[in-house]
Amino acid sequence: MMELGPAEDGGSYIEELMELTAQSLSRLEIQEHFNVIKEIGRGKYGRVLLVTHRCRGTPMALKVLPKASTKLKGFLREYCISLRLSSHPCIVGLFGIAFQSDEHYGFAQELVVGRDLFAIIKPRVGISERVVKRCAVQIASALEFIHHLGLVHRDIKPENVLLLDTQCRHVKLADFGLTQKRGTFIRYISSTLPYMAPELCAMVPEAGQETPKVPPLSIQPNLDTWAFGVLLFCILTGFFPWENCTSTDSFYEEFAEWRQNPETTEVPSQWMRFTPVCMEMFAKLLTLEPNDRPTADVVKGYVGKDWVRPKCPNGLMGENGGVSSMTTLSSPCRSSPVLQ
Ligand SMILES: Nc1ncnc2c1ncn2[C@@H]1O[C@H](COP(=O)(O)OP(=O)(O)O)[C@@H](O)[C@H]1O
Ligand SMILES: [Mg+2]
């Protein structure tokens, strides 16, 4: 049996698994082997179908990726990484079934019957602190596992957190479509998302240019730490803290100014709803300098403390805590950028 060694071996194990899967990838037509009941999810890259296995009747979530827009290598990487990680209780399970049809690549996942985390965020309100903390601990544990294997998820956002129950007593991280080995280089990205760290947002080339002015970026777990911080803000408030981490975004600029000069600058208004100890946690997760950013499990030290201030009776923070011009979370924001 192949044994997985220390962190750095995660990547080579995955590569070996990809080669073996490529050699034995079965060819089948979805309708011949599965009863398709309905579509239960759709992301930027694929669709997820609720199916039952024709012989056994087992319900499954089939992730199907069109061959027209998916490279075989990318599909194999997503499947093999998902398979390697699926033993963790807070990561979606797999059945070990991967296939290609005429038009699709696909693999069978455990069916997670609740919705995803995005679906339960009340725009402009968020989710209760108690429930957020349950999610936070589980996501941190999943990230610890992923990072220990030398991998970086790269698409941490509420849409990729699946719920087994509405109170988030058990959640599972999914979607390893962008996951890469730590240390892989990115030369540029074509667009940004609110979850992307500043060093990643700097990888968008200026208009008319093919590559950005900055050198290639080495993918590190600290990208997930940043995205996790943004996710926590989103689910606690129902707002994005900013649209992207560039100098053209005033919400980000205000935050960066506070991070650089915390003694002389006030906490930006949209962050005032949080307690000082919670801001200490956010300041760690959202450390501007990537090399100084801690691992995601730093959150575990804060779950026993209060995060949100009690409601201000005189309305000093305003109805939305000073965030009325911020982008609320709503379905058009369900998207992922393409990363090269
Ligand atoms: N195993 C699953 N069980 C139930 N729903 C799922 C499952 N996997 C994904 N989904 C739903 O499908 C959506 C898209 O799946 P995802 O793997 O994130 O695709 P993409 O790579 O295109 O973003 C998710 O946001 C989620 O709502
Ligand atoms: Mg997704």
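Quick note: structure is the one above.
Cut-off values and rules
Residues numbered from 1 in each chain as written. Chains lettered and ligands numbered in written order. Predicted model: local features only at pLDDT ≥ 70, side-chain atom pairs only at ≥ 80, totals over all residues. Buried ≥ 20, exposed ≤ 12 C-beta atoms within 10 Å, placed from the backbone. Helix = DSSP H or I, 4+ residues; strand = E, 2+ residues; numbered from the N terminus. Arc of directions from axis to C-beta. Near = placed C-beta within 6 Å. Nonpolar A, V, L, I, M, F, W, Y, C, P; charged D, E, K, R; others polar. Domains from an automatic or database assignment. Pairing = 2+ DSSP bridges. Contact = placed C-beta atoms within 7 Å. Axes fitted to C-alpha atoms, helices over the stretch in contact; angles between N-to-C directions. Core = buried A, V, L, I, M, F, W, Y, C linked by C-beta atoms within 7 Å.

### Remarks on helix 7 (residues 250-260)
Buried residues of helix 7: Phe251, Tyr252 and Phe255, and no others. All buried residues of helix 7 project into a common sector of 95° when viewed along the axis, lining one side. Across from the buried face of helix 7, at angles greater than 90 degrees, the exposed residues are Ser250 and Gln260.

### Section: the environment of Lys305
Tracing the backbone shows Lys305 in the segment after helix 8 (276-285). Assessed through the 13 C-beta atoms surrounding it within 10 Å, Lys305 is described here as partly exposed. Measuring from C-alpha to C-alpha, the distance between Lys305 and Cys278 comes to 7.8 Å, with 27 residues separating the pair along the chain.

### Structural notes on the site of ligand 1
Surrounding ligand 1, one finds 23 residues, the nearest of these being Gly41, Gly43, Tyr45, Ala61 and Asp175. In terms of residue count, the dominant contributor to the shell around ligand 1 is strand 2 (residues 34-42) (3 residues). Here the shell around ligand 1 is built from residues that sort into 9 nonpolar, 7 polar and 7 charged. When residues of the shell around ligand 1 are sorted by domain, at least three fall in each of domain 1 (2-109) and domain 2 (117-301).

### Quick look at the sheet that holds strand 5 (residues 94-100)
Read from one edge of the open sheet, 6 strands run 1-5-6-4-3-2, paired in mixed fashion. Since the sheet does not close on itself, it has two edges, and those belong to strand 1 (26-27) and strand 2, each with one partner. Relative to strand 3 (residues 47-53), strand 2 runs antiparallel, the two sharing 7 bridges. Across the sheet, the residue bridging to Arg42 is Arg47, located in strand 3. Helix-sheet contacts for helix 3 (residues 72-85) involve strand 4 (59-66), strand 5 and strand 6 (104-109), and the interaxial angle to strand 5 is about 170°.

### With respect to the nonpolar core
The biggest cluster of nonpolar side chains holds 88 residues, and the ones touching the most others in it are Leu62, Cys135, Ile139, Phe228, Leu231, Cys234 and Ile235. Among the elements that take part in this core, helix 6 (residues 222-237) stands out by supplying 11 residues, more than any other. A domain split of this core shows at least three residues from each of domain 1 (2-109) and domain 2 (117-301). Contacts of Leu62, omitting those with residues within four sequence positions, involve Phe34, Val48, Leu49, Val51, Gly106 and Ala108.

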